[in-house]
Amino acid sequence: MSPFDTLADPILAAYPDLARSDLAFSVPPKLNLGDVALRTFEAARKLKMAPPAFAQQLAADVDFGEDVEAVNVAGPYANFKLNRATFGKRIVDAVSDQGTQYGSSGVGRSQKALLEHTSINPNASPHVGRARNAMIGDSLARLFRFEGYDLEVQYYVNDIGRQIAFLVLACEDPAGMSFDDMLQTYADANARAESDPQFAEAGYQLLKDIEEGEPEAQKRFRVVTDLCLKGQVAVLGRLGIKYDRFVRESEFVKDERLEGVLDSLRTKDALFTDEEDRVMVDLKKLGREYDEGRYVALLRSNGSSLYFYRDLAYTMFKLEQDASLNVIVLGEDHLLYMQQLQMILEAAGHGCPEPIYYSYILLKDGKMSTRQAQVILLSDFLDEARSRATEKVDAQCTDLDTKERQAIAEHVAVAAIRFAILRVGANKNVIFDWEQSLSFSGDTGPYVQYSCARIASILRKAESRGEVPAEFTLETDTEWALLAKIDAFGEVVQTAMQQRSCAPVAQYALDLARQFTGFYHDCPVVAAPTEALRASRSTLCAATRQTLDNALHLLGIQPLDRM
RNA sequence: GCCCCGAUAGUUCAGUGGAUAGAACGAGGCCCUCCUAAGGCUUAGACGCAGGUUCGAUUCCUGCUCGGGGCGCCA
């Protein structure tokens, strides 16, 4: 129950021509104006009145009951002064009742959802650019589950194709190799394929062999890609990222699911074999207006499949699962590709997964490239972050044992990277900067964790378990501002769902943590002047912590009790 | 050439068709006999350019400039 709703009802009763969406409530720029503001431009227009006049009339005519202490009009704005204790108790009760579900709208309840993310080549240790996909995907997975969806997260393992073939070819003794060797081997193999036509030819032959089911070739691919996949998943696991199902691309080299699609294309005269014997699709026949991206190749001249063909089959496989939410996280380079895929699927009468695009993380001197071994590896980043965090934790938590301190340091490292990536909009390029990404102060994940630790410390000292007292009291603007912030969480979650992005959640977590810090400095809890205030402030701390926990959970960041 | 995305303080990012555009880092000045200084207070500092729509545009539209991505046997 948001304070805004209880204010809207009497207004709508007094002015039947208005709808809830005409009433724009917000927090006033200064708290001395009021606790909640109503902007009247929209409603006044509908009623054909001047906004200031409407605000005056509304303040005079509408009875808001005893929960509203005053309505002050400032030009086109009506500012409400509320009975803060009453509203405050409602907010704190809501958090207490809903606990880990506080903020969820439950829209996804009893609905199935499918999310594909990461899906990188099993060729080497993931770099932070790739990890952006995984972090965005994982935060969306958490968001969808929080909203009640029954979600399956899929990782499409690109375990076949030209570049994997080169890697497999270069791994003469895969059994004796470690995951850490792979980056260099992969880079070398790609360089060699460029300069050594025989090597490249052998790669294509290997590819053809595996597609034709040659057992020895399959085994070689499997050993290498398994080693890589295991290594990648372990590194991503450090970030708390998990997958429900791994689907191998190699399972889709020949797929009967495509028969229907290909038939539809033939019917529309969109399928043809070009002069070089490739099987192609002409999207112009399906209504594409630009020459750009008009043609799509499905099969090589030697009959082996291309990525598009295999992914089309995999996408059909996903569509068969009939999820009400079917989302895929992709790099911005896949935009045209996805448009093409959608056209083909539409031509065959199918829907298409909903794509979420993200832009690249760039290095100061250009793009990260695994192929050229020009990367910041995620594992290197995490190690460096952990070692910096360890220094601080060791100095500050001297009463904890080494194992506990190490665990905290790892959580801080993960918080730093996840927060740094998730808080910026997905369609913005990020220029990677070591010092900035490793910072633990300011607008960072560790700052939010620090607020959590402070709350935990207060609750330990106050020996409070956070029960809401019968009589909730508060006396300062700071306490009210914190309550208003807590109340806003549900709306933030809805915005995140609409935008398909947890960036608003990250921003919110920061705002809430900062708001709490203001409270921390202004309002003593343990040493509160009265028992009633001590109890209410403890409760407010507990509600803040629950809300922070819920927000951090969506971001995949561990709230800490000590740091 | 064509198609997508971006441009807000020195830097990295938020944000909004309407009240005084928010933070952080960096720079200057302060605060630990006070629930964790990974903190707080304080000073200075910003909507790329040009048009248009609107009572009102940083926000919507068009053009331009700059940056990123893409455009037939890579994935």
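This is a predicted model, so every value here is computed, not measured.

Caption draft 1: Inspection of the environment of Arg423 at higher detail. Residue position: Arg423 is located in the loop between helix H14 (402-422) and strand E15 (430-431). Classification of Arg423 as partly exposed rests on a relative accessible area of 28%. Separated by 211 residues in the primary sequence, Arg423 and Glu212 place their C-alpha atoms 46 Å from one another. Excluding residues that lie within four positions of it along the chain, Arg423 makes contacts with Asp443, Ala503, Ala506, Gln507 and Leu510.

Caption draft 2: A look at the environment of Ala124. Among the secondary structure elements, Ala124 is positioned in the loop between strand E5 (112-116) and helix H5 (128-146). Taking the C-alpha atoms as reference points, Ala124 and Ser104, separated by 20 residues in sequence, lie 38 Å from one another.

Caption draft 3: Layout of the protein's contact with RNA strand B. For RNA strand B, the set of nearby residues contains 71 residues, the closest of which are Arg45, Gln163, Gly425, Tyr450 and Ser457. Near the protein, within 4 Å, the atoms of RNA strand B are sugar or phosphate in 59% of cases. A distance of 3.0 Å separates a base nitrogen of RNA strand B from a polar side-chain atom of Ser301. The contact in question runs from a sugar or linking oxygen of RNA strand B to an N or O atom on the side chain of Gln436, over 2.6 Å. In terms of residue count, the dominant contributor to the surface near RNA strand B is helix H16 (residues 445-462) (seven residues). Of the residues in the surface near RNA strand B, the class split is 30 nonpolar, 19 polar and 22 charged.

Caption draft 4: Local environment of the sheet that holds strand E1 (residues 24-26). Taken in spatial order, the four strands of this open sheet run E1-E2-E4-E3, and their pairing is antiparallel. The open sheet is flanked by E1 and strand E3 (68-74), the only strands paired with a single partner. On average, each strand axis in the sheet is tilted by 25° relative to the strand beside it, whichever way the strands run. The pairing of E1 with strand E2 (residues 36-39) spans three bridges and is antiparallel. Following the sheet pairing, Ala24 is matched in E2 by Arg39. Its contacts with the sheet put helix H3 (residues 51-61) on E2, E3 and strand E4 (77-82), and the angle it makes with E3 is roughly 160°.

Caption draft 5: Representation of the pairing of strand E6 (residues 150-157) within the structure. Burial runs high along E6: six of the eight residues are buried. Two elements, E5 and E6, share five bridges in a ladder whose sense is parallel. Residue Leu115 lies in a different strand from E6, and its bridge partner there is Val153. One crossover worth recording links E5 to the parallel E6 by way of H5, and it is right-handed.

Caption draft 6: Focus on the pattern of salt bridges. What the rule picks out here adds up to 44 salt bridges. Where Asp443 meets Arg423, a salt bridge forms, and the shortest distance between an N and an O atom there is 3.7 Å. Taken as a pair, Asp443 in the loop between helix H15 (434-437) and H16 and Arg423 in the loop between H14 and E15 lie far apart in primary sequence, 20 residues in all.

Caption draft 7: Looking closely at the nonpolar core. Ranked by size, the top nonpolar core spans 142 residues in total, and within it Ile11, Phe25, Leu58, Phe80, Val128, Ile486 and Leu555 carry the most contacts. Looking at which element gives the most residues to this core, the answer is H5, with 10 residues. By size, the runner-up hydrophobic cluster in this structure holds 31 residues, among which are Leu271, Leu312, Met316 and Ile344.

Caption draft 8: Molecular detail of the domain arrangement of chain A. Split into domains, chain A comes out as domain 1 (3-82), domain 2 (112-361) and domain 3 (378-555). The gap between the C-alpha centroids of domain 1 and domain 3 is 33 Å. With five residues of domain 1 at the interface, the matching set in domain 3 holds five residues. In total, domain 1 and domain 3 occlude about 450 Å² of area from one another, counting both sides; carbon and sulfur atoms represent 70% of this. In terms of surface lost to domain 3, no three residues of domain 1 exceed Pro3, Leu31 and Asp35, which account for 70% of the buried area on that side. Linking domain 1 with domain 3 are zero salt bridges. Counting across the domain 1 and domain 3 interface gives zero residue pairs in polar contact (both at pLDDT 80 or more). Considering only residue class, the side of domain 1 that touches domain 3 consists of four nonpolar, no polar and one charged.

What counts as what
- Residues numbered from 1 in each chain as written.
- Chains lettered and ligands numbered in written order.
- Predicted model: local features only at pLDDT ≥ 70, side-chain atom pairs only at ≥ 80, totals over all residues.
- Heavy atoms only, no water.
- Helix = DSSP H or I, 4+ residues; strand = E, 2+ residues; numbered from the N terminus.
- Buried < 20%, exposed > 50% of the residue type's maximum accessible area, 1.4 Å probe, protein only.
- Contact = heavy atoms within 4.5 Å.
- Near = heavy atom within 4 Å.
- Polar contact = N/O pair within 3.5 Å; in protein donor to acceptor, adjacent residues only side chain to side chain.
- Nonpolar A, V, L, I, M, F, W, Y, C, P; charged D, E, K, R; others polar.
- Pairing = 2+ DSSP bridges.
- Axes fitted to C-alpha atoms, helices over the stretch in contact; angles between N-to-C directions.
- Right-handed = clockwise from strand over helix to strand, strands pointing away.
- Salt bridge = Lys/Arg side-chain N within 4 Å of Asp/Glu carboxyl O.
- Core = buried A, V, L, I, M, F, W, Y, C linked by side-chain atoms within 4.5 Å.
- Domains from an automatic or database assignment.
- Buried area = accessible area lost by both parts, 1.4 Å probe.

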